[in-house]
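Fold and geometry: a report
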Amino acid sequence: LECHADGDPVPSTRCARDGGTRDGGGTRDGVVSRGRSGRVVTRADGGRYVCRATNRHGVAVRSVLVTVECEWREGTAEGG
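Thresholds applied
All residue numbers refer to position in the chain's written sequence, counted from 1. At least 70 in pLDDT is required for a residue's local features to be given in this predicted model, at least 80 for side-chain atom pairs to be given and counted, and no such filter applies to totals for whole chains, interfaces and linings, which use all residues. Side-chain descriptors were evaluated using all non-hydrogen atoms of the structure, hydrogens and water having been removed beforehand. Numbered from the N terminus, helices here are DSSP runs of H or I no shorter than four residues, and strands are runs of E no shorter than two. Throughout this description, buried means an accessible area under 20% of the type-specific maximum (1.4 Å probe, protein chains only), exposed means over 50%, and partly exposed covers the range between. Note that accessible areas follow from Shrake-Rupley with a 1.4 Å probe, and for residues the cover is restricted to the protein chains shown. How sure the predictor is of each residue is captured by pLDDT, a score from 0 to 100. Residue contacts follow a heavy-atom distance rule, with two residues in contact if any of their heavy atoms lie within 4.5 Å. By definition, no residue in a patch forms a salt bridge, and every one has over 30% relative accessible area; like charges are joined within 9 Å, nonpolar side chains (Val, Leu, Ile, Met, Phe, Trp, Tyr) within 5 Å. A carboxyl oxygen of Asp or Glu within 4 Å of a side-chain nitrogen of Lys or Arg is what we treat as a salt bridge. A pair of cysteine sulfur atoms is labelled a disulfide when the two atoms are within 2.5 Å.

A closer look at the overall build of the protein
The helix and strand tally for the protein stands at zero helices and four strands. Counting from the amino terminus, the protein carries its helices and strands in the arrangement β-β-β-β. Counting across all 80 residues of the protein, residues that qualify as buried make up 26%. Summed over its atoms, the accessible surface of the protein is roughly 5,500 Å², and 49% of this surface lies on carbon and sulfur atoms.

Considering the confidence of the model for the protein
The pLDDT averaged across the protein works out to 75; a share of 61% of its residues lies at or above 70. Note on residues 23-34: pLDDT under 50 across the span, and 33 contacts to partners over four residues away in sequence or across chains.

A short note on unusual backbone geometry
With an omega dihedral of 5°, the bond running from D8 to P9 counts as a cis peptide bond. With respect to the helices and strands, the residue P9 is situated in the segment before β1 (12-17).

Things to note about a nonpolar patch on the surface
A surface patch of nonpolar side chains, amounting to about 200 Å² of accessible area, comprises V50, V59 and V61. Its location among the elements puts V61 in strand β4 (residues 58-66). The partly exposed category is assigned to V61, whose relative accessible area is 36%.

Focus: the state of the cysteines
Scanning all chains against the criterion turns up zero disulfides. With no disulfide of its own, C3 lies 3.5 Å from the sulfur of C51, the closest cysteine sulfur. When its relative accessible area of 8% is taken as the criterion, C3 is described as buried. Among the cysteines around C51, which has no disulfide bond, C15 carries the closest sulfur, lying 3.1 Å off. Its relative accessible area of 14% is what places C51 among the buried residues.

Considerations on the side chain of T13
Tracing the sequence through the fold places T13 in strand β1. Judged by relative accessible area, T13 falls into the buried class, the value being 15%.

Structure follows, in structure tokens:
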């Protein structure tokens, strides 16, 4: 899941789920397929994600609930 924010100065961003943290560059996306990291997205990746943007003027926080409805599996019609 990627976290983007605009501001002056440009804010740093963090995206976290269930106590885990990811840098703002993001290594997952919300698509059920191989993500940008090459990692397969599974139902276990679903949940509430909180993105936080911070600069010297303050903090902005947004959250999103991600639901993964199907999984990609090697050797299946969906996964090849």
